[in-house]
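One-letter residues, chain by chain:
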Amino acid sequence: GAGVSQSPRYKVAKRGQDVALRCDPISGHVSLFWYQQALGQGPEFLTYFQNEAQLDKSGLPSDRFFAERPEGSVSTLKIQRTQQEDSAVYLCASSPTGGREKLFFGSGTQLSVL
Amino acid sequence: QKEVEQNSGPLSVPEGAIASLNCTYSDRVSQSFFWYRQYSGKSPELIMSIYSNGDKEDGRFTAQLNKASQYVSLLIRDSQPSDSATYLCAVKGPRAGGTSYGKLTFGQGTILTVHP
């Protein structure tokens, strides 16, 4: 595709509900990152994939957060039993190899947990 | 101590002035340094990258890196109202063994306002 695509753009969830956020990276990009950005803060690293391998999940805040990229392209970030503190913008970014080249960010999914 | 810290804002400068944005990082083995610009409600976009000590210029933007002081800065010359945005400093760590992966950590951002 032309860019990194994320869906949905906005998601409202009731506390305790499970949500799934989708990221479709640029075709052929090996590296995929998920970041969480709270209002007025910089993006916080969540997890990193190189193809289908999840090489770093050190930023996932709890075991309620789970990410996968089973075929090395589309990735899904799942949040179980959402809490109000999960409200944030979730950004996905991809890069060709994960080396020095820049990250291409998607528009993000704004999650609001009521 | 946060891994990447930026000077607290917001920063307000008049049109045509130089805007100076600063960033320090804690991990001495960090290898790559980036400045991203983020307009309100939009995703970050890369404006500068720097990998070695010294200055790097690109148009009105100059990035400066001092690894000994663990300090990186961004200067914006002839600031324009369209430069008003949040500027994010990002630092990439060393490669994880056998891969090209280096964790990219962002600072909290500095809000810049350029007023006419």
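No experiment lies behind these values; they were computed from the predicted model shown.

Trainee: How should the overall build of chain A be read in this particular structure?
Mentor: The number of helices and strands found in chain A is zero helices and eleven strands. In terms of C-alpha radius of gyration, chain A reaches 13 Å, essentially the compact-globule figure of 13 Å for 114 residues. Dimensions along the principal axes, computed over C-alpha positions, put chain A at roughly 35 × 25 × 25 Å. Looking at the 114 residues of chain A, the share that counts as buried comes to 46%. Within the structure as shown, chain A displays about 5500 Å² of accessible surface, and the carbon and sulfur contribution to it stands at 47%. Each charge class in chain A can be summarised by its mean position, and for the 12 positive and 11 negative side chains these summaries are 5 Å apart.

Trainee: Whenever I open this one, the interface of chain A and chain B confuses me. Can you help?
Mentor: Where interface size is quoted, it is often the accessible area lost as the parts come together. Taken together, the 24 residues of chain A in the interface contact 21 residues of chain B. Summed over both partners, the interface of chain A with chain B comes to about 1700 Å²; 53% of that surface belongs to carbon and sulfur atoms. Applying the counting rule to chain A against chain B returns six residue pairs in polar contact (both at pLDDT 80 or more). Contributions of two or more residues to the side of chain A that touches chain B are made by β4 (31–37), β5 (44–50) and β6 (53–56) of chain A. Within the side of chain A that touches chain B, the residues separate by chemical class into nine nonpolar, eleven polar and four charged.

Trainee: I keep staring at the sheet that holds strand β6 (residues 54–58) of chain B and nothing clicks. Help me out?
Mentor: Across a sheet, strands are paired by hydrogen bonds formed along the backbone, either parallel or antiparallel in direction. Residue and element names in this part refer to chain B. An order of β1-β3-β8-β7-β6 is seen for the five strands of this open sheet, with the pairing classed as antiparallel. Looking at strand neighbours, the two that pair on one side only are β1 (4–6) and β6, the edges of this open sheet. This sheet shows a mean twist of 20° between the axes of neighbouring strands, independent of strand direction.

Trainee: How do you make sense of the state of the cysteines when you look at a structure like this?
Mentor: Disulfides are covalent bonds that link the sulfur atoms of two cysteine residues. Scanning the model with the defined rule gives two disulfides over all chains in all. Through a disulfide, A:Cys23 is tied to A:Cys92; the S-S separation comes to 1.9 Å. Handedness here is read from the sign of the S-S torsion; for A:Cys23 and A:Cys92, about -65°, the answer is left-handed. A residue pair is termed long-range when its members are at least 10 positions apart, and A:Cys23 in strand β3 (residues 19–24) and A:Cys92 in strand β9 (residues 88–95) qualify at 69 residues. In terms of burial, A:Cys23 and A:Cys92 fall into one category: buried. The disulfide that involves B:Cys23 links it to B:Cys89, with 2.1 Å between the sulfurs. In this structure the cystine formed by B:Cys23 and B:Cys89 twists about its S-S bond by roughly -75°; its chirality is therefore left-handed. Of the two residues, B:Cys23 sits in strand β3 (residues 19–25) while B:Cys89 sits in strand β9 (residues 85–92), which places them 66 residues apart along the sequence.

Trainee: I tried to follow the pattern of salt bridges on my own but got confused; where do I start?
Mentor: Any two side chains of opposite charge can pair, on the condition that their charged atoms come close. Residues and elements named next belong to chain A. Scanning the entire structure with this criterion turns up six salt bridges over all chains. One salt bridge in this structure joins Lys78 and Glu68, with 3.4 Å as the shortest N-O distance. Residue Lys78 is located in strand β8 (residues 75–79), and its partner Glu68 is located in strand β7 (residues 65–68); the two are separated by ten residues in the primary sequence. On the accessibility criterion, Lys78 (33% relative accessible area) is partly exposed.

Trainee: I would appreciate a short explanation of the confidence of the model for chain B in the present structure.
Mentor: The predicted structure's coordinates, where accompanied by low pLDDT, should not be read in detail. Overall, the prediction assigns chain B a mean pLDDT of 90, with 93% of residues at 70 or greater. Considering each helix and strand of chain B separately, the mean pLDDT is smallest for strand β10 (residues 104–106) of chain B, with a value of 89, and largest for strand β7 (residues 61–66) of chain B, with 97.

Trainee: Which parts of the structure should I look at to understand the side chain of B:Gln6?
Mentor: All names here are of chain B. Considering the arrangement of structural elements, one finds Gln6 in strand β1. A polar side-chain atom of Gln6 sits 2.9 Å from the main-chain amide nitrogen of Gly109. Looking at Gln6, its side chain comes within polar contact range of the side chain of Thr110, at 3.5 Å. Apart from the residues within four sequence positions on either side, Gln6 is in contact with Asn22, Cys23, Trp35, Tyr87, Leu88, Cys89, Gly107, Gln108, Gly109 and Thr110.

Trainee: Could you clarify how one ought to interpret the layout of surface pockets in this entry?
Mentor: It is the rolling of a water-molecule-sized probe over the atoms that shows where space remains empty. Counted as a void, the largest pocket has a volume near 660 Å³. Lining the largest pocket are 29 residues, and of these A:Gln37, A:Leu39, A:Gly40, B:Gln38 and B:Gly41 sit closest to its centre. Those elements that place two or more of their residues in the lining of the largest pocket are β9 and β11 (109–113) of chain A together with β9 and β11 (110–115) of chain B. Here the residues of the lining of the largest pocket sort into ten nonpolar, 17 polar and two charged. If you go around the second largest pocket, you meet 15 residues; those closest to its centre are A:Pro43, A:Glu44, B:Glu3, B:Thr105 and B:Phe106.

Definitions and cut-offs
Residues numbered from 1 in each chain as written. Chains lettered and ligands numbered in written order. Predicted model: local features only at pLDDT ≥ 70, side-chain atom pairs only at ≥ 80, totals over all residues. Heavy atoms only, no water. Helix = DSSP H or I, 4+ residues; strand = E, 2+ residues; numbered from the N terminus. Rg over C-alpha atoms; globule rule 2.2 N^0.38 Å. Buried < 20%, exposed > 50% of the residue type's maximum accessible area, 1.4 Å probe, protein only. Areas by Shrake-Rupley, 256 points an atom, 1.4 Å probe, with all protein chains shown as cover. Lys, Arg positive; Asp, Glu negative; His and termini not counted. Charge placed at Lys NZ, Arg CZ, Asp CG, Glu CD. Contact = heavy atoms within 4.5 Å. Buried area = accessible area lost by both parts, 1.4 Å probe. Polar contact = N/O pair within 3.5 Å; in protein donor to acceptor, adjacent residues only side chain to side chain. Nonpolar A, V, L, I, M, F, W, Y, C, P; charged D, E, K, R; others polar. Pairing = 2+ DSSP bridges. Axes fitted to C-alpha atoms, helices over the stretch in contact; angles between N-to-C directions. Disulfide = S-S within 2.5 Å. Salt bridge = Lys/Arg side-chain N within 4 Å of Asp/Glu carboxyl O. pLDDT = per-residue confidence, 0-100. 1 Å grid on protein atoms, 1.4 Å probe; cavity = no way out; pocket = protein on both sides within 12 Å on 5 of 7 lines; lining within 4 Å. Points joined across faces, edges and corners; volume = space filled by probe spheres on them.

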